Amino acid sequence: MAKSGALNGKMVVLMGGTGFLGNYVAQALLSRGARLRICSRHPEAAFKLKPLANLGQMQFARMDATDRQSVERCIEGADAVVNLVGSFEGNLKKLMGVAPGWMAEAAQKAGAEAFVHVSAIAQMPDEDTENEYASAKHLGEQLVKEAYSNATIIRPSIIFGKDDNFLNMFGELISKLPILPVFGPDSQLQIVYVDDVAEAIAQSLEQPGKHGGMAYELGGPEKLTMMEINQRIADAQRRKRTFLPLPDGVSAAFAALPGTPMGSDQWNLLKEGNVAGSKAPGFEKFGIEPKPLGLFLDKWMTRFRKHGRFAERLSA
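Residues numbered from 1 in each chain as written. Predicted model: local features only at pLDDT ≥ 70, side-chain atom pairs only at ≥ 80, totals over all residues. Heavy atoms only, no water.

**Describing the side chain of Ser-70**
Point 1. Note that Ser-70 resides in helix 2 (residues 68-75).
Point 2. Apart from the residues lying within four places of it in its own chain, the contact partners of Ser-70 are Arg-62, Met-63 and Asp-64. (Helix = DSSP H or I, 4+ residues; strand = E, 2+ residues; numbered from the N terminus. Contact = heavy atoms within 4.5 Å.)

**Looking at the environment of Glu-130**
Point 1. Relative to the elements of secondary structure, Glu-130 occurs in the loop between strand 5 (114-118) and helix 4 (132-147).
Point 2. Considering only alpha carbons, one finds Glu-130 and Pro-156, 26 residues apart in sequence, at a separation of 22 Å.
Point 3. Residues in contact with Glu-130, not counting those within four places in the same chain, are Asp-265 and Asn-268.

**Description of the pairing of strand 5**
Point 1. Counting buried positions along strand 5 yields 5 of 5 residues, so the element is predominantly enclosed.
Point 2. Residues Ala-114, Val-116 and Val-118 line one face of strand 5 and the alternating positions Phe-115 and His-117 line the opposite face, and both faces are buried.
Point 3. When strand 4 (residues 80-83) meets strand 5, the two strands line up parallel, connected through 4 bridges. Directly across from Val-81, in strand 5, lies its bridge partner Phe-115.
Point 4. Handedness of the β-α-β unit built from strand 4, helix 3 (residues 92-110) and strand 5 comes out right-handed. (Buried < 20%, exposed > 50% of the residue type's maximum accessible area, 1.4 Å probe, protein only. Pairing = 2+ DSSP bridges. Right-handed = clockwise from strand over helix to strand, strands pointing away.)

**Let's talk about the packing of helix 5 (residues 167-176) against helix 8 (residues 226-236)**
Point 1. The geometry of helix 5 relative to helix 8 is characterised by a closest axis approach of 10 Å and an angle of 60 degrees between their N-to-C directions. Between helix 5 and helix 8 the crossing geometry is right-handed. For the pair formed by helix 5 and helix 8, the contact residues are Leu-167, Phe-170, Gly-171 and Ile-174 on the first element and Met-226, Asn-230, Ile-233 and Ala-234 on the second. (Axes fitted to C-alpha atoms, helices over the stretch in contact; angles between N-to-C directions. Left-handed = near helix turned anticlockwise from the far one by under 90°.)

**Some words on the packing of aromatic side chains**
Point 1. If you walk through the whole model with that rule in mind, you get 13 aromatic pairs.
Point 2. Geometrically, the ring pair formed by Phe-160 and Tyr-193 is tilted, given 5.6 Å between the ring centres and 35 degrees between the ring planes. Here Tyr-193 lies in strand 10 (residues 192-193) and Phe-160 lies in strand 7 (residues 159-160), a separation of 33 residues in the sequence. Tyr-193 carries the same exposure label as Phe-160, and that label is buried.
Point 3. With a centroid separation of 5.3 Å and 45 degrees between ring planes, the pair formed by Phe-183 and Phe-254 is classed as tilted. In this pair, Phe-183 sits in the loop between strand 8 (179-182) and strand 9 (188-189) while Phe-254 sits in helix 9 (residues 248-255), placing the two residues 71 residues apart along the sequence.
Point 4. Its relative accessible area of 16% is what places Phe-183 among the buried residues. (Phe/Tyr/Trp six-rings, centres within 6.5 Å; stacked < 30°, edge-to-face > 60°.)

**Quick word on the layout of surface pockets**
Point 1. There is about 1,600 Å³ of room inside the largest pocket.
Point 2. Around the largest pocket, the lining comprises 41 residues; the ones closest to its centre are Gly-86, Ser-87, Phe-88, Tyr-133 and Asn-165.
Point 3. At the level of secondary structure, the elements contributing two or more residues to the lining of the largest pocket comprise helix 1 (20-30), helix 4, helix 5 and helix 10 (264-272).
Point 4. Of the residues assigned to the lining of the largest pocket, the class counts are 24 nonpolar, 12 polar and 5 charged. (1 Å grid on protein atoms, 1.4 Å probe; cavity = no way out; pocket = protein on both sides within 12 Å on 5 of 7 lines; lining within 4 Å. Points joined across faces, edges and corners; volume = space filled by probe spheres on them. Nonpolar A, V, L, I, M, F, W, Y, C, P; charged D, E, K, R; others polar.)

**Considerations on the environment of Gly-263**
Point 1. Along the chain, Gly-263 falls in the loop between helix 9 and helix 10.
Point 2. Of the residues examined, Gly-263 reaches a relative accessible area of 22% and is grouped as partly exposed.
Point 3. Taking the C-alpha atoms as reference points, Gly-263 and Ala-253, separated by 10 residues in sequence, lie 9.9 Å from one another.

**Considerations on the pattern of salt bridges**
Opposite charge on two side chains permits them to pair, given that their charged atoms come into close proximity.
Point 1. Going through the model one piece at a time under the given rule, you end up with 14 salt bridges.
Point 2. Across the salt bridge formed by Glu-217 and Arg-155, the nearest N and O atoms sit 3.2 Å from each other. Taken together, the residues Glu-217 in strand 11 (residues 215-218) and Arg-155 in strand 6 (residues 152-156) connect sequence positions 62 residues apart.
Point 3. Two residues, Lys-176 and Glu-172, come together in a salt bridge whose shortest N-O distance is 2.7 Å. (Salt bridge = Lys/Arg side-chain N within 4 Å of Asp/Glu carboxyl O.)

**Quick notes on the side chain of Asn-23**
Point 1. The residue Asn-23 is located in helix 1 in this model.
Point 2. In contact with Asn-23, other than residues within four places in its own chain, are Gly-17, Lys-48, Leu-49 and Asp-163.

**Digging into unusual backbone geometry**
Point 1. One non-glycine residue, Arg-238, lies in the positive phi region at around 60 degrees.
Point 2. Residue placement: Arg-238 occurs in the loop between helix 8 and strand 13 (242-245).

**What to know about empty space enclosed by the protein**
Point 1. Counted according to the given criterion, the structure contains 1 cavity of 30 Å³ or more.
Point 2. Each pocket or cavity is described by its volume, and for the largest cavity that value is around 40 Å³.
Point 3. Looking at the largest cavity, the residues that line it are Phe-160, Ile-191, Gly-220, Pro-221, Glu-222, Leu-224, Lys-291, Pro-292 and Leu-293.
Point 4. For the lining of the largest cavity, the residue count by class is 6 nonpolar, 1 polar and 2 charged.

Okay, here's the thing in structure tokens:
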């Protein structure tokens, strides 16, 4: 455990801390000497982090974000709280709208010094567009601000990392299929590296006087279209692929089908693009220079190549 620092020995509660981002936030906080309580419906998913913690530095608690008492029990005794709960399934209004308000109220009651709410870059849908995900995210931010006025709101773009569900999904498809459809081929994304987002969250907890009450939009250093991302993945795999841009009508119809990898809410978000707004502060306020996809992609796609690290030329 670290000997100094604002978070040293402090109890930080990670709500929904077993997900992809939670794994990296936990590591950033453990390295700062924080004590962690990881709360989730399946907390055992975070047991892999145990070797990184000192004796007594990490706790696990079973938590149902749709149950207010469960939420409040997890936050008791917290010095700081991070809400990482997010989903495209279930009662989204309750999970990402109402529940964050409960968390903020419980954090305020517990006397927590900092509260970080991880939201998303998602435009509020207009009257003609239904998007339960975006509506829930906006409600969550509103209720958090009402209950904990000094909360920090973090809105990341699509987050990428070595073990994400974004690059790896496309990597798997591109490794197997010679021809692939591309949804929203011209949609711009500002995908952001997971370690950079985790660092911003950790700094927000360390310096609530500086970051409290602020809302940040965190995007990577590049704006890439979906077509460009697919092509970069294929190039990193040393594979020649044909990509077919799908019209919006076809994409929307596919997303509406049950059991597809992309639901209607996800399609609507993709169609609008996912780029940090020009009016919201970003990584510059944390002194972080976001890392580009190209810094990692070639190495990460090695396992998808036909001959692994020995692949030098284009393959089928």
